[in-house]
Amino acid sequence: MSRVRLIELRLVAIPLVRPFRTSMGVESDKECVLVRVETDESEGWGECVAGSDPGYSSEFNESAWAVLRDHLGPSLLGAGGAGAEDAERAMAWVRGHRMAKAALLMAVLDAELRADSVSLASRLGAVRDRVECGVSIGITDTSEQLLEQVEGYLAEGYRRVKLKIEPGLDVDRVAAVRGRWPEVALSVDANAAYRPEDADRLRELDRFGLLMIEQPLAHDDLYRHSLLAAKIETPICLDESIRSAAEARAAVELGACGIVNIKQGRVGGLLEAVRTHDVCRELGVPVWCGGMLETGLGRAANLALAALPGFTLPGDTSASSRYFEDDLTEPFLMAPDGTMAVPRGPGLGVRPLPGRLAACTRRIERVAKKE
Ligand code: NPG
């Protein structure tokens, strides 16, 4: 493909159908940075998974904007090569800022693949046309509200339900859901809300036959996850702690987790996500595709990734309607059997709808070339 000659950043905001509460706070709107690149032959779009504050990771929209505008973007515009691997290399000097890198890389891949008429799914090594969908449910005010939501999502066909938990809103909530649906594939996600001293409390979850408990302890504490894993029966899945294929290997070899959540943004992009998948596969560890309340752009990328062979558990790849009245792209629909089609058009296979994009855009800025 030809070189990237223009990079444009765009901040968009879309209301969520219902506020999403986790142990880190509440989100009512989805606000994120989109990246658009132009080459001589093509155009590509990327979505940054950072949120408006540095609660989930140290990155947030304004940090991503700044590093894309002042460092990553100019490095890419000044780089020699033209493909996605070249783009990855051109950005490698910047430490961290993985979500920002991932967004730019997604746009470069989209442009490259559109020019070549190849789908992202094929490029990454997808082996299936449909993926199994799970749904992640935020913390509710009452157990009744939680049961109501679970009931609605199960009626839609979701194949796995994940409940957000935090200390005090955990065992009873899980008991309520398990009591009503003894067979449903159920998991919990703590977003690092527990401390190592909470092991006894977490052990109480063992009786519910959960698929996994996700990220119970601090994001930077692999060692104590490994100690906790020896004390509880529920498999531990790591999310925030895994920022690269190398960290996935370390976590698994240390015994800190038996399952890995892969989010392309968290690990620095789709190529590193594939490498993370490959490492986990080699180590015999199942992976699944996490979600960051993405718009249709990021969702398309997640679906392509989730179609790789090691993704053996349903992902947080829910239908557009679970998040938005109106998505930025044509909506992603889930079939009643709880599966969703992997986009097969060139690149991401979707583009923002011009009217929706205009309505959601808050700010646009072009990246200037370094003098
Ligand atoms: O369906 O995209 C989705 C949401 C899945 O629970 C989900 N995401 O910790 O994994 C997470 C959580 C999250 C969402 C974290 C937004 C931070 C921001």
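Just so it is clear, the structure is predicted and the values come from calculations on it, not from any experiment.

*Asks:* Mind showing me how you'd approach the site of the ligand here?
*Replies:* Around the ligand, the surrounding shell holds 16 residues, and the nearest of these are S136, N191, K263, L293 and Y323. N191 is positioned such that a nitrogen or oxygen atom in its side chain is 2.7 Å from an oxygen atom of the ligand. Y323 is positioned with one of its side-chain polar atoms (N or O) 2.6 Å from an oxygen atom of the ligand. When the ligand is considered free in solution it has 430 Å² of accessible area, and contact with the protein chains removes 96% of it. More than half of the atoms belonging to the ligand lie within 2 Å of the grid points that define the largest pocket. Class assignment for the residues of the shell around the ligand results in six nonpolar, three polar and seven charged. Here the shell around the ligand spans two domains, since at least three of its residues come from each of domain 1 (4-117 + 354-367) and domain 2 (122-341).

*Asks:* When you look at the packing of helix α9 (residues 245-254) against helix α10 (residues 270-282) in this model, what are you seeing that I'm missing?
*Replies:* When two helices pack together, their arrangement is given by the angle between the helix axes and the distance between those axes. Where α9 meets α10, the axes come as close as 8 Å, and the angle between the chain directions of the two elements is 25°. Taken together, α9 and α10 sit at an angle that is classed as roughly parallel. The handedness of the crossing between α9 and α10 is right-handed. Only E272, R275, T276, V279, C280 and E282 of α10 make contact with α9, whose side of the interface consists of A245, A246, A248 and R249.

*Asks:* Is there a simple way to think about the pairing of strand β10 (residues 259-262) in this case?
*Replies:* Remember that side chains alternate between the two faces of the sheet whenever the strand is regular. Across the two faces of β10 the burial is the same, with I259 and N261 and V260 and I262 all buried. Two elements, strand β9 (residues 236-238) and β10, share two bridges in a ladder whose sense is parallel. Residue L238 lies in a different strand from β10, and its bridge partner there is V260. Each parallel crossover has a hand, and for β9 linked through α9 to β10 it is right-handed. Pairing of β10 with strand β11 (residues 287-289) involves three bridges; the strand directions are parallel. Directly across from I262, in β11, lies its bridge partner C289. One crossover worth recording links β10 to the parallel β11 by way of α10, and it is right-handed.

*Asks:* What should I look at first to understand helix α2 (residues 84-91) in this one?
*Replies:* Residues spaced three or four apart along an α-helix point in a common direction, a consequence of the helix completing one turn every 3.6 residues. Taken as a whole, α2 has its buried residues at A84, A87, A90 and M91. Seen from one end, α2 has its buried residues packed into an arc of 115°, which puts them on one side. Check the buried side of α2 and you find it contacts α1 (61-77), α3 (98-116), α4 (120-124) and α10.

*Asks:* Sorry if this is basic, but what is going on with the pattern of salt bridges here?
*Replies:* Pairing between side chains of opposite charge can happen when the charged atoms of each approach one another. Tallying each qualifying case throughout the model produces 38 salt bridges. R69 is the partner of D70 in a salt bridge, and the nearest nitrogen-oxygen pair spans 2.8 Å. You can call D70 partly exposed: its relative accessible area is 38%. Here R69 falls in the partly exposed class, since its relative accessible area comes to 27%. K162 is the partner of E214 in a salt bridge, and the nearest nitrogen-oxygen pair spans 3.0 Å. Highlighted residues: E214 in strand β8 (residues 213-214) and K162 in strand β6 (residues 160-164), separated in sequence by 52 residues. Both residues of the pair, E214 and K162, count as buried.

Rules behind the numbers
- Residues numbered from 1 in each chain as written.
- Predicted model: local features only at pLDDT ≥ 70, side-chain atom pairs only at ≥ 80, totals over all residues.
- Heavy atoms only, no water.
- Near = heavy atom within 4 Å.
- Polar contact = N/O pair within 3.5 Å; in protein donor to acceptor, adjacent residues only side chain to side chain.
- Areas by Shrake-Rupley, 256 points an atom, 1.4 Å probe, with all protein chains shown as cover.
- 1 Å grid on protein atoms, 1.4 Å probe; cavity = no way out; pocket = protein on both sides within 12 Å on 5 of 7 lines; lining within 4 Å.
- Sits in = over half its atoms within 2 Å of the grid points.
- Nonpolar A, V, L, I, M, F, W, Y, C, P; charged D, E, K, R; others polar.
- Domains from an automatic or database assignment.
- Axes fitted to C-alpha atoms, helices over the stretch in contact; angles between N-to-C directions.
- Helix = DSSP H or I, 4+ residues; strand = E, 2+ residues; numbered from the N terminus.
- Parallel < 35°, antiparallel > 145°, perpendicular 65-115°, else oblique.
- Left-handed = near helix turned anticlockwise from the far one by under 90°.
- Contact = heavy atoms within 4.5 Å.
- Buried < 20%, exposed > 50% of the residue type's maximum accessible area, 1.4 Å probe, protein only.
- Pairing = 2+ DSSP bridges.
- Right-handed = clockwise from strand over helix to strand, strands pointing away.
- Arc of directions from axis to C-beta.
- Salt bridge = Lys/Arg side-chain N within 4 Å of Asp/Glu carboxyl O.

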